Structures are given as C-alpha cells and as structure tokens.
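# Structural overview for review
Chain by chain, the residues:
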Amino acid sequence: MRADPDDWFTWSSGKRAPIYCDNRLLLSFPSARAQVADALCDALAERFGAPEVIAGTATAGIPYAAWVAERMDLPMVYVRGSAKQHGQQRRVEGRALDGARVVLIEDTVSLGGSSASAVEALSGEGGKVLGVQAIFSYDFPAAQQRMAALGVPWQALVRFPALLDTLDLRPDALERLLRWRAEFSS
C-alpha cells in the first residue's frame, strides 16, 4: 500500500487518488498471504454461513479465492471483467452454479463497480450470492449503495480508517488524505 498526497495514482475506474492499496504484493509473502486467507475464511464463515462455492474476481481475487476454497474444501470459480471473445465466450469460469450458494472474494473494494458486476454475472449463471468478502475497502458510500441495490451484504477485513492507523504519516499528510476521502465521498 502506498499513500502519498503528493504522488497520485489512477485507479481502474479512471478516478485519481493519493492512495493505492495493492493486495497483490501479499502474494510474495507466504506467511502474510496465509494469514489473509485464514482471516478471509473465518470472516466469511461468520458473516455468510456455509457457501457451496467460492468465487474470485479477476485477477487479484483469484488467488485468494483459490486458497479459501482449498481451506474450506469447496469448489471455486472466477469471474472475468468481461466474457472472453473466443472459445466458449464465458465470463464465469469453472463449474456450473445451478443454484449453489456462492461467496465472492474481492481484493479491494473502492466504488463497488467490479464487485457489483461480478455479483450480477454469478447470479446470471444461476448462483445464489450470499455476499462479498473483501480484503480491503475504502468505505466509499458508492460501494455501500451499489451492494445495497443488489441486496447483497459485504464486508472487508480492513477498512480505510484502520489502514490509516497503521501508517506513519506526517500530520499534514494524514489531514490531506482524510480531506481527499471526504471530498471523494461527497
């Protein structure tokens, strides 16, 4: 994760931000990724009950979904951003869902667009989406509204305020990050 009020990033949505939470870095650290996978299992079991399938969003949600599915001894599928233009032209890859209870694993939720799109794809393939379990969320109201509109609960292991507590920032830098988030949210 990088936070720098003077060096902004462009997110996949095209929005600009002074913070970038890259959970893909965890892939390089076996003990850290194991802790995250264990925490995802515990959190989703507590909140969403007993899923029958674990789904991951392409691309950063896929490895975490695989580790969670393995730990829970469940099938796994993944959801592409869009359907392939060749082969079977599928958007959801893996077994048929046929009414199965699914929990979607997402690496980061910012505005909720990719999560909502993945939920719609899973539902369109016959899955009953119990919820979305993310590693991190910026906690923007847009994400809350998108998921509420779909009637799908979601949660994150770490949210923006808790992340800020772990950073060693100058007071002026922290104030600028908080101001950015407040302006971005309105």
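All of the points below concern the structure found in this document. Predicted, not measured: the structure shown is a model, and the values here were computed from it.

### A word on the sheet that holds strand β9 (residues 128-137)
Ordered in space as β7-β6-β5-β8-β9-β10, the six strands form an open sheet in which the pairing is mixed. Both edges of this open sheet fall to β7 (92-93) and β10 (154-159), since each of them pairs with a single strand only. Here five bridges tie β9 to β10, and the two strands are oriented parallel to one another. Bridging from a neighbouring strand, Ala134 pairs with Ala156 of β10. Packing against the sheet, helix α3 (residues 113-124) makes contact with β5 (53-57), β6 (76-79), β7, β8 (101-109) and β9, and its axis sits at approximately 160° to β8.

### Side note on the environment of Ala173
In this structure, Ala173 sits in helix α6 (residues 171-185). Residues Ala173 and Phe48 lie 125 residues apart in sequence; the distance between their C-alpha atoms is 37 Å.

### Brief notes about the packing of aromatic side chains
Under the counting rule described, the total for this entry stands at 14 aromatic pairs. Here the aromatic rings of Phe136 and Tyr138 are separated by 4.8 Å at their centres, their planes lie at 80°, and the arrangement is edge-to-face. Tyr138 shares its class with Phe136; the two are buried. By way of ring pairs, the aromatic residues Trp11, Phe136, Tyr138, Phe140, Phe160, Trp180 and Phe184 are connected into one cluster. The ring of Trp154 has Arg159 sitting right over it, with the charged end atom 5.0 Å from the ring centre.

### Things to note about the pattern of salt bridges
When charged atoms on two side chains of opposite charge get close, those side chains can pair. Across all of its chains, the model carries eight salt bridges by this definition. Here Arg159 ties to Asp139 by a salt bridge, and the two come within 2.2 Å at their closest N and O atoms. Separated by 20 residues along the polypeptide, Arg159 in strand β10 and Asp139 in the loop between β9 and α4 (141-150) bring together distant segments of the chain. Linking Arg170 and Asp172 is a salt bridge whose minimum nitrogen-to-oxygen distance equals 3.1 Å.

### Focus: the environment of Ala37
When you line up the elements, Ala37 lands in helix α1 (residues 30-48). Given the relative accessible area of 0%, Ala37 is considered buried.

### Things to note about the environment of Leu44
With respect to the helices and strands, the residue Leu44 is situated in helix α1. Measuring from C-alpha to C-alpha, the distance between Leu44 and Leu130 comes to 9.5 Å, with 86 residues separating the pair along the chain.

### What to know about the packing of α3 against α4
Angle between the axes and distance between the axes are the two parameters that describe a pair of packed helices. Here α3 crosses α4 at 15°, and the two axes come no closer than 9 Å. By the criterion of interaxial angle, the relationship of α3 to α4 is roughly parallel. The hand of the α3/α4 crossing is right-handed. Of α4, the residues touching α3 (which contributes Gly113, Ser115, Ala116, Val119 and Glu120) are Arg146, Met147 and Leu150. Grouping the constituent residues of the contact of α3 with α4 by class yields four nonpolar, two polar and two charged.

About the cut-offs
Residues numbered from 1 in each chain as written. Predicted model: local features only at pLDDT ≥ 70, side-chain atom pairs only at ≥ 80, totals over all residues. Heavy atoms only, no water. Pairing = 2+ DSSP bridges. Helix = DSSP H or I, 4+ residues; strand = E, 2+ residues; numbered from the N terminus. Contact = heavy atoms within 4.5 Å. Axes fitted to C-alpha atoms, helices over the stretch in contact; angles between N-to-C directions. Phe/Tyr/Trp six-rings, centres within 6.5 Å; stacked < 30°, edge-to-face > 60°. Buried < 20%, exposed > 50% of the residue type's maximum accessible area, 1.4 Å probe, protein only. Lys NZ or Arg CZ within 6 Å of the ring centre and 35° of its normal. Salt bridge = Lys/Arg side-chain N within 4 Å of Asp/Glu carboxyl O. Parallel < 35°, antiparallel > 145°, perpendicular 65-115°, else oblique. Left-handed = near helix turned anticlockwise from the far one by under 90°. Nonpolar A, V, L, I, M, F, W, Y, C, P; charged D, E, K, R; others polar.

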